Amino acid sequence: MPVDRLPVDLGGRSYDILVGAGALDRLGEELAPLWRGGPVFCIADERVWGLYGAAVQTALRPTGSCSGLTFRSGEPSKTWATAGRLLRDLAAEGMARDGLVLSLGGGVAGDLAGFVAASYARGVDFVQLPTTLLAQVDSSVGGKTGVNLPEGKNLVGAFHQPRLVVCDPLTLGSLPRREIRCGLAEALKHGFIADGMYLAQVQSLSEHALSADPAALGEIVAGSCRIKAAVVKADEREAGLRATLNFGHTIGHAIEKVGGYRRYRHGEAVAIGMVGAAMVGARMGVCDGSVVDHVRAAMGRVGLPTAAPGLDADELLQAISHDKKTERGRVRWVLPIDVGKVTVTPEVPQRTVVRVLRELVG
Ligand code: NAD
Ligand code: GLY
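Peer 1: Quick question: what am I supposed to make of the site of ligand 1 here?
Peer 2: Taken together, 29 residues lie near ligand 1, and Asp45, Arg47, Glu75, Thr132 and Ser174 sit nearest. Separating an oxygen atom of ligand 1 from a side-chain N or O atom of Arg47 is a distance of 2.8 Å. One of the side-chain N or O atoms of Lys228 is found 3.5 Å from an oxygen atom in ligand 1. Relative to its free-state accessible area of 870 Å², ligand 1 is covered by the protein chains to the extent of 94%. Elements with a minimum of two residues in the shell around ligand 1: helix H2 (46–60), helix H4 (107–119), helix H5 (133–139), strand E8 (152–159) and helix H6 (177–194). With four residues, the single largest contributor to the shell around ligand 1 is H2. When the residues that make up the shell around ligand 1 are grouped by side-chain class, the tally is six nonpolar, 11 polar and 12 charged.

Peer 1: In this structure, what is going on with the pairing of strand E5 (residues 100–105)? I would like to understand it.
Peer 2: Successive residues of a regular strand alternate their side chains across the two faces of the sheet. For E5, the tally of buried residues reaches six of six residues, placing the bulk of the element in the interior. The two faces of E5 match: Leu100, Leu102 and Leu104 on one face and Val101, Ser103 and Gly105 on the other face are all buried. Inspection of the sheet shows E5 paired to strand E6 (residues 125–130) by six bridges, in the parallel sense. By the bridge assignment for E6, Leu100 is matched with Asp125. In terms of handedness, the path from E5 via H4 over to E6 forms a crossover that is right-handed.

Peer 1: Which parts of the structure should I look at to understand the site of ligand 2?
Peer 2: The local shell around ligand 2 consists of Asp138, Lys144, Lys228, Arg242, Leu245 and Asn246. Lys144 is positioned with one of its side-chain polar atoms (N or O) 2.8 Å from an oxygen atom of ligand 2. Measuring from an oxygen atom of ligand 2, one finds a side-chain N or O atom of Lys228 at 2.6 Å. Its free accessible area being 200 Å², ligand 2 has 88% of it covered by the protein chains. The residue inventory of the shell around ligand 2, partitioned by class, reads one nonpolar, one polar and four charged.

Peer 1: When you look at helix H9 (residues 249–258) in this model, what are you seeing that I'm missing?
Peer 2: Given 3.6 residues per helical turn, the α-helix brings residues three or four places apart onto the same face. A large share of H9 lies buried, amounting to eight of its 10 residues. Listed in full, the buried residues belonging to H9 are His249, Thr250, Ile251, Gly252, His253, Ala254, Ile255 and Glu256. Of the residues one or two after H9, Gly260 is the one with positive phi, at around 70°.

Peer 1: So what exactly am I meant to see when it comes to the pattern of salt bridges here?
Peer 2: A full pass over the atoms with the stated rule returns 20 salt bridges. For Lys153, the salt bridge is made with Glu256, and the minimal N-O distance between the two is 3.4 Å. Of this pair, Lys153 sits in strand E8 while Glu256 sits in helix H9, and the two are 103 residues apart along the sequence. Each of the two residues, Lys153 as well as Glu256, counts as buried. Glu347 is the partner of Arg330 in a salt bridge, and the nearest nitrogen-oxygen pair spans 3.3 Å. Of this pair, Arg330 sits in strand E11 (residues 330–331) while Glu347 is found in the loop between strand E13 (341–345) and helix H13 (350–361), placing the two residues 17 residues apart along the sequence. Note on Glu347: relative accessible area 48%, which makes it partly exposed.

Peer 1: Just checking my understanding: could you explain helix H7 (residues 196–210) for this structure?
Peer 2: In a regular helix each residue adds 1.5 Å, so 15 residues correspond to 21 Å; H7 covers 21 Å between its end C-alpha atoms and thus fits that length. The largest bend along H7 measures about 40° and falls at Ser204. The complete set of buried residues in H7 reads Tyr198, Leu199, Val202, Leu205, Ser206, Ala209 and Leu210. Where H7 is buried, its residues contact H6, helix H8 (214–234) and helix H11 (289–301). At the N-terminal end of H7, a side-chain oxygen is found 3.0 Å from the backbone nitrogen of Met197, two or three residues along, and the residue is Asp195.

Peer 1: Would you take a moment to explain the packing of H9 against helix H10 (residues 266–284) for this structure?
Peer 2: What describes two packed helices is the angle between their axes and the distance between those same axes. The N-to-C vectors of H9 and H10 enclose an angle of 135°; their axes lie 7 Å apart at closest approach. Between H9 and H10, the interaxial angle falls into the category oblique. H9 and H10 meet at a crossing whose hand is right-handed. In contact with His249, Ile251, Gly252, His253, Ile255 and Glu256 of H9, H10 contributes His266, Ala269, Val270, Ile272, Gly273, Gly276 and Ala277. Here the residues of the contact of H9 with H10 sort into six nonpolar, six polar and one charged.

Quick notes on the rules
Residues numbered from 1 in each chain as written. Chains lettered and ligands numbered in written order. Predicted model: local features only at pLDDT ≥ 70, side-chain atom pairs only at ≥ 80, totals over all residues. Heavy atoms only, no water. Near = heavy atom within 4 Å. Polar contact = N/O pair within 3.5 Å; in protein donor to acceptor, adjacent residues only side chain to side chain. Areas by Shrake-Rupley, 256 points an atom, 1.4 Å probe, with all protein chains shown as cover. Helix = DSSP H or I, 4+ residues; strand = E, 2+ residues; numbered from the N terminus. Nonpolar A, V, L, I, M, F, W, Y, C, P; charged D, E, K, R; others polar. Buried < 20%, exposed > 50% of the residue type's maximum accessible area, 1.4 Å probe, protein only. Pairing = 2+ DSSP bridges. Right-handed = clockwise from strand over helix to strand, strands pointing away. Salt bridge = Lys/Arg side-chain N within 4 Å of Asp/Glu carboxyl O. Expected span 1.5 Å × (residues − 1). Bend = angle between axes of the 7 residues up to and from the residue. Contact = heavy atoms within 4.5 Å. Axes fitted to C-alpha atoms, helices over the stretch in contact; angles between N-to-C directions. Parallel < 35°, antiparallel > 145°, perpendicular 65-115°, else oblique. Left-handed = near helix turned anticlockwise from the far one by under 90°.

Structure, rendered in structure tokens:
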């Protein structure tokens, strides 16, 4: 399978996304023209460092080497405390302004390492080596970095674009099916917000993707990255269009928080959140009821949850009211109009939200 090179066009902050089986082997040659000569550190999820750390070291060998800094796998590590420890590790190990941070792992590694790279010495170069489907289709592209606070998800962070993103579907061969489903949730999201043809493509490839077929995964990654790169090009700092990428996130983030960041994976929470947003849209007359059925069926068909039985609707409502994406104090909802088209609005009556949450948890 050839390695595709997809550009993210952001003027002086432009970069390429490499997508294809074997792309990680090219890391050394791809980094050579970008590297400014300083120390190179790879911030990695412990599990992923064990799986692919040696491959990264080997790929770098022609031009240099890197030291690994690891953290315990999983969302509970995406904290201020872990970021602080990693920043101190970098300082102790002699990180410099001309150095480079590689992030190896899923969205947690990318968000955490990106935030560390954005903060150290007011910003050092950063490269994403995503190893979950969710990170390859979504989180590694676009420069959003950050950590969670007990008060809410991603409440601290920075926009810090990577210099390069390398998506190698061969690294997804070791990914549990549950994690592949989570990545499919974000890929389906891209279809629902922007492109019905891509949505159908993801659906037709999903069985192969769940069997970790690299060709199917590569096609899905390339399709999502194209959509996300176009959105980020048009609106890097989320002044408007980029907010559409948060479809499913208003309820999704609340579900993650109320579930203690352990009960539901991010992609699962977003899947339920997309169903909830569609239910809100249908109750408000923004979309037809058939859109709700379509969203629910698309999630259900790949084995994603479509409801959150047992969670407390009041706790979810409270978590939603702390959402950081507010406009004049009101939460900004992303609601589907039809397949491939969404709208962003703060005009959602609280009673509608309450009814939908009760239905989702009931
Ligand atoms: P994750 O990084 O925790 O990875 C999921 C699990 O898979 C972990 O246990 C990890 O150890 C394991 N893993 C990773 N790669 C593996 C591999 N190749 N083989 C076997 N196991 C592997 O979670 P995630 O779902 O990748 O990312 C979720 C995070 O991404 C959330 O914090 C979310 O907020 C964030 N996110 C950020 C953006 C953004 O634009 N920055 C977008 C979407 C999501
Ligand atoms: N995942 C939302 C964004 O990148 O804007």
